[in-house]
Amino acid sequence: MHDKSVVSSLESMGCEASANTWLMGKGFTSLLGLDRAEITALVHEAGEPGYRAKQIMDAVYRQRVETLAEISTLPQEFRERLAQSGVTVGAARIENTFVSVDGTVRYLIAFADGQTVETVWMPEGDGGEAGDGSEAGEEAENSSPGISGAEAHSETSEPIAGLKRYATQKPSRSTICISSQVGCAVDCQFCLTALLGVKRNLTAGEIVAQVCAVLKDQKVSPPEDRINLVFMGMGEPFLNYENFIKAARLLVEGVGIAERRMTVSTAGIVPRIRDFGEEKIRPKLAISLNAPNHALRTRLMPLNKKWNLEMLIGAARDFPLRTREWITFEYVLLGGVNDEPNHAKEVAELLRGLRCKVNLIALNPGPGIDFTTPSPERVVAFQKVLRDAGIPAFVRRPRGRDIYAACGQLKRTVEVATSPDAHLPGISPAPEA
Ligand code: SAH
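Residues numbered from 1 in each chain as written. Predicted model: local features only at pLDDT ≥ 70, side-chain atom pairs only at ≥ 80, totals over all residues.

**Quick word on the pairing of strand β4 (residues 173-177)**
Convention followed: As a rule, residues whose C-beta atom has 12 or fewer other C-beta atoms within 10 Å are exposed, those with 20 or more are buried, and those in between are partly exposed; C-beta atoms are placed from the backbone. Helix and strand labels come from DSSP, where a helix needs a run of H or I of at least four residues and a strand needs a run of E of at least two; each type is numbered from the N terminus. Two strands qualify as a pair provided that DSSP identifies no fewer than 2 bridges between them.
Among the five residues of β4, four are classified as buried, and the element is accordingly described as predominantly covered. As judged from the three bridges shared by strand β3 (residues 116-122) and β4, these two strands associate in the antiparallel manner. Residue pairing for β4: W121 is matched across the bridge by I176. Across five bridges, the pairing between β4 and strand β7 (residues 226-231) is parallel. Bridging from a neighbouring strand, C177 pairs with V230 of β7.

**Looking at the pairing of strand β10 (residues 327-333)**
Heads up, the rule is: Look down the strands so they point away from you; if going from the first strand over the helix to the second traces a clockwise path, that crossover is right-handed.
With seven of its seven residues buried, β10 lies for the most part within the structure. Side chains I327, F329, Y331 and L333 of β10 all project onto a buried face; the interleaved residues T328, E330 and V332 project onto the opposite face, where all are buried too. As defined by bridge partners, strand β9 (residues 284-288) adjoins β10 across three bridges and the pair is classed as parallel. Residue pairing for β10: A286 is matched across the bridge by T328. The pairing of β10 with strand β11 (residues 356-362) spans seven bridges and is classified as parallel. Paired with T328 across the two strands is K357, which belongs to β11. Each parallel crossover has a hand, and for β10 linked through helix α13 (residues 341-351) to β11 it is right-handed.

**Quick notes on the packing of α13 against helix α14 (residues 376-388)**
The line we're drawing: With axes taken as lines fitted to C-alpha atoms, and helix axes fitted only over the stretch in contact, angles between N-to-C directions fall between 0 and 180 degrees. The sense of a crossing depends on the near helix, which, turned anticlockwise from the far helix by less than a right angle, makes the crossing left-handed and, turned clockwise, makes it right-handed. The contact criterion used here is simple: two residues whose C-beta atoms, placed from the backbone, lie within 7 Å are in contact. Side-chain classes follow a simple rule in which Ala, Val, Leu, Ile, Met, Phe, Trp, Tyr, Cys and Pro form the nonpolar group, Asp, Glu, Lys and Arg form the charged group, and the remainder, Gly included, forms the polar group.
Two elements in contact, α13 and α14, have axes whose closest approach is 9 Å; the angle formed by their N-to-C orientations is 35°. Like other packed secondary-structure pairs, α13 and α14 cross with a definite hand, here right-handed. In contact with P341, A344, K345, V347 and A348 of α13, α14 contributes A381, F382, V385 and L386. Grouping the constituent residues of the contact of α13 with α14 by class yields eight nonpolar, no polar and one charged.

**Focus: the packing of helix α8 (residues 204-218) against helix α9 (residues 241-255)**
Two quantities define a packed helix pair, namely the angle between the axes and the distance from one axis to the other. Worth spelling out the cut-off: An angle below 35 degrees is treated as roughly parallel, one above 145 as roughly antiparallel, one from 65 to 115 as roughly perpendicular, and anything else as oblique.
The N-to-C vectors of α8 and α9 enclose an angle of 45°; their axes lie 8 Å apart at closest approach. As summarised for this structure, α8 and α9 are arranged oblique, according to the angle between their axes. Considering how the two elements wind past one another, α8 and α9 form a crossing that is right-handed. Packed against α8, whose contacting residues are A204, I207, V208 and V211, the element α9 presents N243, F244, K246, A247, L250, L251 and V255 at the interface. When the residues that make up the contact of α8 with α9 are grouped by side-chain class, the tally is nine nonpolar, one polar and one charged.

Rendered as structure tokens:
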């Protein structure tokens, strides 16, 4: 009797149209992805006392259980009833782990239907990620993105010393980069994920499940451990808007990560940028600019034909920023394509008067990507032009390039690992954990 009622209660709550569509189609659902109101409705429908909702919320989002059996606060009978209704926790499974010499870990994460995405853990090490959005929380706590606030970082690092540090010390502040879709439909010409095309959207539960799986594996727990989140993995979050925003809310209310510690990056889905500005609970905004003018942006990011630079900058100018908040513009530097000092001048002109900063990323190379990485000198010269024009600009140190964990390199591990041309010049094959 209870079996059907739990499911039908979820259906009547409109779940079939949101996070759990594909699960509901199969007649069962996962707890991960349900918010407090939905879990309360489920508990109510099951004829259980109201406080069970909090017990379930805590178990799923704070304790990060993987099975109903682990929710020891619930009576055995209720757990069995949930299981019989086809309800699961909906935890993600870590299928593979790759560890970089710089401490970055790339996870291959699998969901119930066997689809996989990649999620990246970036432990604090040498501060090399300053200015890349991963220090979102710190930025909010400091007053401005001014040039004195963070130093530009070169491409050089000390892998061995860094590794030792990671091995002995729990990081005080780390960043998880999460995926929002399996693959991506936005055809950015320099991005490896784009080569996959889009397979499907992730549900809100699957987006949150990545964070839960990584937190558990790393044995860290917010808010005691400072965790920053960036929605910068596989996929375009604003083309999976409802699930993305629900996941962000669940990460705040369930997992306990402050919204100021989260940053979402979009390729420039202009109408969704405007919707996003209206959200009560929302991460900070990063926009992938990547080109200084219409012609070049259209070439590098074909979506610029639909939502052009003028519309994009218009939406950025209208974006309702909070106190001490600014927009981050990301700019991938491609050797001889968009990295001329004149391009930097154009960018400065475009962004003039906007409360923003620019994160410069030298191209992370990959098989099938037809661009070159500019030299560090070129990158610094570009940065200098921006800074001289009064635009805070930071050079983002690549993380985990050796294991294909850096920006734009996320592609399903199996495909990259088995690709005959997967080995990059100067980059050693990934050691597997
Ligand atoms: N779809 C979203 C988020 C994922 S991409 C977006 O486009 O913003 C995250 C960032 O990585 C973007 O700023 C993107 O421009 C950058 N990126 C993509 N491919 C890259 C590459 N090969 N090297 C360096 N950065 C890259």
